[in-house]
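So you can see what is in the structure, the chains are spelled out below.
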Amino acid sequence: MKFEDAFRKGTITASDSLTTRKARLKKLVKSNVEENKLLKEFLEVNHIKGDFIKEATDRALQRSVHGYSDEMATGSVLESYRPLCS
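Residues numbered from 1 in each chain as written. Predicted model: local features only at pLDDT ≥ 70, side-chain atom pairs only at ≥ 80, totals over all residues. Heavy atoms only, no water.

**Brief notes about the packing of helix 2 (residues 18–35) against helix 5 (residues 70–79)**
Part 1 of the argument: Close contact between helix 2 and helix 5 brings their axes to 10 Å; oriented N to C, the two are set at 50°. With respect to their mutual orientation, helix 2 and helix 5 come out oblique. Crossing of helix 2 against helix 5: the hand is right-handed. Counted together, Arg21, Arg24, Leu25, Leu28, Val29 and Asn32 of helix 2 and Asp70, Glu71, Thr74 and Leu78 of helix 5 form the full contact between these two elements.
Part 2 of the argument: Counted by class, the contact of helix 2 with helix 5 contains 4 nonpolar, 2 polar and 4 charged residues. (Axes fitted to C-alpha atoms, helices over the stretch in contact; angles between N-to-C directions. Helix = DSSP H or I, 4+ residues; strand = E, 2+ residues; numbered from the N terminus. Parallel < 35°, antiparallel > 145°, perpendicular 65-115°, else oblique. Left-handed = near helix turned anticlockwise from the far one by under 90°. Contact = heavy atoms within 4.5 Å. Nonpolar A, V, L, I, M, F, W, Y, C, P; charged D, E, K, R; others polar.)

Here it is in structure tokens:
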């Protein structure tokens, strides 16, 4: 989806600041990590949960700026880590 289409659809609004979008994406990433018990356990055992959430949030933010919805951006970033889960 192009940025213009996302803007027209309401996924991205002019009033969204970078910090607002980042906070929303961070909440989505955290909730997805909490739902995935195996990933959560792996991250906590290796003491990298915070770093993982930060990196995943930054990647999702980059994708959402390019027109992806927040959910789609977060899902695609976490999907790239599926081999880690298995």
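**Digging into the confidence of the model for the protein chain**
Part 1 of the argument: In this model, the protein chain carries a mean pLDDT of 75, and residues with pLDDT of at least 70 account for 67%.
Part 2 of the argument: The spread of mean pLDDT over the elements of the protein chain runs between helix 1 (residues 3–9), the lowest at 52, and helix 3 (residues 37–45), the highest at 90. (pLDDT = per-residue confidence, 0-100.)

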